[in-house]
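Analysis of the macromolecular model
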Amino acid sequence: MTTRTHLECSRTGEKYPIEEARNLSASGAPLLVRYDLQAARRNWNREWLASGPRSMWRYAPILPVAKPSSITSLGEGWTPLVRLNRLGKDLGAANLWLKDDGVNPTGSFKARGLSCAISMCRELGITKVALGSAGNAASAAAAYAAAAGIEAHIFMPNDVPQSNYLECQAFGARVTLVDGLISDCGRIVAERKAAEGWFEINTLKEPYRIEGKKTMGYEVAEQLQWRLPDAILYPAGGGVGLIGMWKAFEELEALGWITGPRPKMIAVQAEGCAPVVKAFNEGKDHCEFWPDAMTVSSGLRVPKPLGDFLILDIVRQSGGTCIAVSDRAALEAGARLARLEGVFAAPEGAACVAAAEKLLASGFLQPDARILLYNTGAGLKYIEAWSALFPRMPGGPADKLGGLITPR
Ligand SMILES: *Cc1c(COP(=O)(O)O)cnc(C)c1O
C-alpha cells in the first residue's frame, strides 16, 4: 500500500534506507520520509477516498508503514471541520472554519503523529521507546505504546497538566517528572537512551511523527473539496504540525490533487513563550532560546523549536506571519468560541481565535477571506487553566467524590 522509498536529510538531501530505525541524519538534521509520488499518482485516486477508513489511515499510500498488521490505530484523524458562523459574524469574518482535532484519542492531534510513529516502531521490531514531552505527546505516546505492547519511558515537566500525568499513569507508561522544561526532558532521554536501549521519539528526532501530523493538511484539503483556505492559523510549539501541513501541500501538488496558491501559514504563540514570533519580527532564520518559558498552553511551551528554520521559512514563503497572544486573551477567546459554537478548545486552539481577531482588526486578514483556525486539543484536558477563568468554591461535588476513594 505505501509508496515510501527512502529517508532524506532535511538539510543536505542525503538519502538513507527506510527499512532501518533512524533518528537524525549524519549532519544532525531531521529526516523526512520520501515517496514515489508518481507511482501514487498513477495507482491511487482521490475519489477512492470516499470508501477509505474514517481515520488518517485513509491516506496509507503516503504514510511510511509497509505492513497493514503494524498499524496501531485508535481512530485518530478524520476530525470534524466546523463552519464558525456565529463566531465569524462576531469577529467580522464571513468565511471562518475550525478544524477540531480535540476529538482525537487522548484529546489532541498528537495522536496522529504517535499512531504513525508507534506503528513504525512495531514494524521495525522496537520494544522500548522514550520521549520528553510538555504534555499531550506523552499521553498519546503512552496510549499507542500500550495498544502496541511497547514499553514507554516518559519524561515530563513536573508542572505538566494533571490530565497528561493521569493518562500516562493509566496507560502504564514509566513516568518521570522533571524539575525543568521540555528541553530538559529531551536532554535526559538523549543522555540515557543508548544505555537503556530506548528508541527516542522526541519531536523531529525521528522521521515518523511528522508523517502522521501531515495528514492534517490532507484532511483540510479533502474536507474543503481540494480548495485550500486563504489562511491557516496554527498554534506552533515545535511547529511540526505546520511543517507537516506544508509537506502535505507539496505532496498533494505532486499528486495533482490541488492547484493554485497555498494558504498563508500563520504561527500563533503565547506571549510567555514566543521564540518564533521574535525571530520572525527580527528577520532571523533561527530562534534564540526563550528563557523562563511560561504559558498555560503547555503545547506552546517550547523555548527553542528544533525545526525553527523550517517554520520560519514556511511562514515567509507562504506570505504568512507570526503572532503572540496573552494567556488571558486566549482563554477569553476560547470561552467565546465555546459559547457561540459549542466547541470547547484547548488554550492552544483558543489562542488562534484571539490571533484571528487581532489580524482581522489590523487588516492582515480580510473579512471575506477563507480562514481556517486549527484547534489542536480538547479544552477538558486543561482543567487547571480553565479553572483560572471559571473558578469554583471548594467543597463541590467533585471534592465529595474524592472522599470516596481511599488512597493506596
Ligand atoms: C503539541 C501541541 C501543540 C504544538 O504542536 P506543534 O505542531 O509541535 O507546534 C499545539 N497544541 C496542542 C494542544 C499540543 O498538544
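In the block above lies the structure referred to throughout.
Predicted model, so just to flag it, every value in this text is computed and none were measured.

Conventions we followed
All chains use their own residue numbering, which begins from 1 and follows the written sequence. Owing to the predicted nature of the model, reporting of local features is limited to residues with pLDDT of at least 70; listing and counting of side-chain atom pairs is limited to 80 or more, with chain, interface and lining totals taken over all residues. The side-chain numbers reported here are obtained from all heavy atoms of the structure, hydrogens and water having been left aside. Here, proximity means that at least one heavy atom of the residue falls within 4 Å of the molecule or strand. Here a polar contact is taken to be a pair of N or O atoms separated by no more than 3.5 Å, where protein atoms must pair a possible hydrogen donor with a possible acceptor and residues adjacent in sequence count only if both atoms sit in side chains. For the accessible areas, the method is Shrake-Rupley and the probe is 1.4 Å, while residue cover comes only from the protein chains on display. Using only the protein atoms, space was sampled on a 1 Å grid; points where a 1.4 Å probe fits but cannot get out form cavities, open sets with protein on both sides within 12 Å along at least five of seven lines form pockets, and lining residues are those with an atom within 4 Å of a point. Put plainly, a molecule is in a cavity or pocket when over half of its atoms are within 2 Å of the grid points there. Numbering of helices and strands runs from the N terminus; a helix is a DSSP stretch of H or I covering at least four residues, while a strand is a stretch of E covering at least two. Each residue gets one of three labels, nonpolar for Ala, Val, Leu, Ile, Met, Phe, Trp, Tyr, Cys and Pro, charged for Asp, Glu, Lys and Arg, and polar for the others, Gly among them. Between 30 and 60 degrees the pair is tilted, below 30 it is stacked and above 60 it is edge-to-face, where a pair is any two Phe, Tyr or Trp rings, Trp via its six-membered ring, whose centres lie within 6.5 Å. Between buried and exposed lies partly exposed: a residue is buried under 20% and exposed over 50% of the maximum accessible area for its type, with that area taken using a 1.4 Å probe on protein chains only. Criterion for a charge above a ring: Arg CZ or Lys NZ at most 6 Å from the ring centre, at most 35 degrees from the ring normal. Grid points are joined across faces, edges and corners, and a volume is the space filled by probe spheres set on the points.

1. What to know about the site of the ligand
In the region of the ligand, 16 residues are neighbours, and K110, Y234, G237, G239 and T376 sit closest. Taking N136, its side chain carries an N or O atom lying 2.9 Å from an oxygen atom of the ligand. In the complex, 96% of the free accessible area of the ligand, which totals 380 Å², lies under the protein chains. Among the cavities detected, the one that contains the ligand is the largest pocket. Residue assignment for the shell around the ligand shows that the elements contributing at least two residues are β10 (231–235) and α8 (240–255). Its residues assigned to classes, the shell around the ligand shows six nonpolar, seven polar and three charged.

2. Points about the packing of aromatic side chains
Overall, the coordinates contain ten aromatic pairs when judged by the stated rule. When the ring of W226 is compared with that of W257, the centres are 5.4 Å apart and the planes differ by 75°; the resulting orientation is edge-to-face. Taken together, the residues span a long stretch of sequence, with W226 in the loop between α7 (209–223) and β10 and W257 in the loop between α8 and β11 (264–270) at a distance of 31 residues. W257 carries the same exposure label as W226, and that label is buried. An aromatic cluster is present here, built from W44, W226 and W257 joined pairwise through their rings. Positioned above the aromatic ring of W78, the side-chain terminus of R58 is 3.7 Å from the ring centre.

3. Some remarks on empty space enclosed by the protein
One pass over the structure, following the stated rule, counts two cavities of 30 Å³ or more. A volume near 40 Å³ is recorded for the largest cavity. Lining the largest cavity, in full, are P275, K278, A279, E282, K284, H286, C287 and E288. For the lining of the largest cavity, a count of residues per class yields three nonpolar, one polar and four charged. When its volume is computed, the second largest cavity comes out at roughly 30 Å³. Q269, A270, T295, S297, L300, V325, S326, D327, A330 and A351 together form the lining of the second largest cavity. Taken together, the elements giving at least two residues each to the lining of the second largest cavity come down to β11 and α11 (327–341).

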